[in-house]
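Given next are the chains, with one letter for each unit.
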Amino acid sequence: MNAAIHVIGVDIGTQSTKAVLVRADGHIVAQASRAYQVETPKPLWAQQWPGVWLDAVAASICGVLAEAGVDAASVKSLCVSSLYGGSGIPVDAEGTALHPCLIWMDRRAQDEVAWVRANVDVERLMAITGNGVDSYYGYTKMLWLREKMPAVWQRTAHFLPPNSFVIAKLTGEVAVDHSSAGNIGGVYDLAKRDWSDEALKMLGIPRRMMPARLVDSSAVAGLLRADWAAKLGLVAGTPVVAGGVDAAVATLAAGAARPGNHVAMIGTSMCWGTIRQDVDARQGLISMPHVFRGAHDLYVFGGASAAGASVTWFRDNFCQAEIAAGLAQNIDPHALLERDAAPLPPGADGLLFLPYLMGERSPVWDAQASGCFIGLGLHHGRAHLYRAVLEGVSMALRHNIEAGVRGVAKLDDHLVVVGGASHSDLWMQIIADVTGRPVHTITEDVEASLGAAMLAALGVGLIDDDAVRRGWVQPVRRTLPNAAARPAYDALFGHYQAAYPALKLLMHGLRRLPLAVP
């Protein structure tokens, strides 16, 4: 392999965009990123103007080229993956954004969810799309724009996912990859791999708003325009590969290329996904064509809204002593917390944490769910609560895995875990014990940007399908489950499953309490 040949992978994330310059053999040469903040103007709202993303993509690409100092002609392709953009960006006929993108975190479309449940054949919608009804999904956010922003709706020519919007600017070509199309939910026919005229008619969304060109994630969407090539320091005509939804792209980078492979990404949120060839929406997970061999394989995943976010919340609000000690000793405060939590027994002496601090996604699907500790006693201290938080997020992971294996061929025996959580030995052991699976992790930085680079290489023939299956990074065994812990964690998981149904009405009632005394 010619070491002078490079590709660029870019991932537009929720809070930052990252680019990697990679040799065609998978060696990372340079990395760069640009951070930004999500706009949250009202409760349950989360949005972003796409110009922020476009600027961040440009800055990140320029950053890796400046760091590496390689010849622009050595870059044979680039690929852009992105966060799940919910509704996508409504654009007019000239491609100008008309409204911020309502991203995956946005849960404003509660009225529209109720309308769908009352006016649409939900069972048929689920059968067509392989997905359910929730304000997470992009099609309910589109309906919000139709009902609440009619002037925007009337001017909308297309809805473009974030990566499609950026690629359209870079190349002048409008195309949507199948993973992004499927993740929208109620407008995509999973069996036909096409927009669903039947579903669109049920929802009252014009077919013309769905871009006509659907492509594989490894397809060349267009060629880099001369003006953008000059801005980025690349060669005009460089192929730009379509990319896809970042969760699936990151899973591919971590080795999920065959049915049965499964990966948990645990950062601020948690996303567990596997590769399958069929789906039942009633299992409560999210389905889309995979970013690799998407005509045959599906990426089926579930997620917890507040995984690492629950740990950060607990640390920042209740662990000032550990934070101060960590600063004084130049030690990560999590290491101090884990030192005290590790000797505690499974179940933290009778304590259960529900990690629903931002509502919950699959398989609960309740934006009004709330977090709580159950079983608190005077014998519990900070270490118990910290361990319970780690265990609660691990229970949410098991909840999604068990939903994902119903009625299908079994998963790989081991579980690959990537993301910030993989730095914690205690958390990896808890996950192994809770799920009953050996946990494998990856020493390299495995993120969606690396998966995008792999798609960039595949899209222009620098690597083939077998090279993708072999992967650019290799998971290694981190820990084995402790059989002695299994009975306690099985019992705790039973309580975890029972807790939400028992507390649902109370959670919803507390959400409705007045915020201030008149």
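Residues numbered from 1 in each chain as written. Predicted model: local features only at pLDDT ≥ 70, side-chain atom pairs only at ≥ 80, totals over all residues. Heavy atoms only, no water.

A. View of a nonpolar patch on the surface. A cluster of nonpolar side chains, contributed by Leu506, Leu510 and Leu513, occupies part of the molecular surface with about 310 Å² of accessible area. Considering the arrangement of structural elements, one finds Leu506 in helix 18 (residues 486–511). Accessibility expressed as a relative area gives 53% for Leu506, which makes it exposed. (Patch = residues over 30% accessible without salt bridge, like charges linked within 9 Å, V, L, I, M, F, W, Y side chains within 5 Å. Areas by Shrake-Rupley, 256 points an atom, 1.4 Å probe, with all protein chains shown as cover. Salt bridge = Lys/Arg side-chain N within 4 Å of Asp/Glu carboxyl O. Helix = DSSP H or I, 4+ residues; strand = E, 2+ residues; numbered from the N terminus. Buried < 20%, exposed > 50% of the residue type's maximum accessible area, 1.4 Å probe, protein only.)

B. Just the side chain of Arg193, in detail. Within the fold, Arg193 resides in the loop between strand 10 (188–189) and strand 11 (194–195). No salt bridge is formed by the buried Arg193; the nearest opposite charge belongs to Asp297, separated by 6.8 Å. A polar contact of 2.5 Å, which involves the side chain of Arg193, links it to the backbone oxygen of Leu190. A polar contact is formed between the side chain of Arg193 and the backbone oxygen of Gly294, at a distance of 2.9 Å. Setting aside residues up to four positions removed in sequence, Arg193 forms contacts with His178, Tyr188, Leu214, Pro289, Gly294, Ala295, His296, Asp297 and Leu298. (Lys, Arg positive; Asp, Glu negative; His and termini not counted. Polar contact = N/O pair within 3.5 Å; in protein donor to acceptor, adjacent residues only side chain to side chain. Contact = heavy atoms within 4.5 Å.)

C. Molecular detail of the sheet that holds strand 13 (residues 220–223). Taken together, the six strands give an open sheet; going across it, the order is 3-2-1-5-14-13, and neighbouring strands pair in mixed fashion. The outermost strands of the open sheet, each flanked by one partner alone, are strand 3 (28–35) and strand 13. With direction set aside, neighbouring strand axes in the sheet form an average angle of 20°. Here helix 6 (residues 162–171) sits on the sheet and contacts strand 1 (6–12), strand 5 (75–82), strand 13 and strand 14 (239–241); the angle it forms with strand 5, its principal contact strand, is near 145°. (Pairing = 2+ DSSP bridges. Axes fitted to C-alpha atoms, helices over the stretch in contact; angles between N-to-C directions.)

D. Representation of helix 14 (residues 382–404) within the structure. Along its 23 residues, helix 14 runs 34 Å from first to last C-alpha, staying within 8% of the 33 Å computed at 1.5 Å per residue. For helix 14, the tally of buried residues reaches 21 of 23 residues, placing the bulk of the element in the interior. (Expected span 1.5 Å × (residues − 1).)

E. Geometry of the pattern of salt bridges. Counting across every chain of the model gives 25 salt bridges. Residue Asp425 is joined to Arg478 by a salt bridge in which the shortest nitrogen-to-oxygen separation is 2.8 Å. You can see Asp425 sitting in helix 15 (residues 425–435) and its partner Arg478 sitting in strand 23 (residues 476–479), a full 53 residues away along the chain. A single salt-bridge network, built from bridges that share partners, covers Arg398, Glu402, Arg486 and Asp490.

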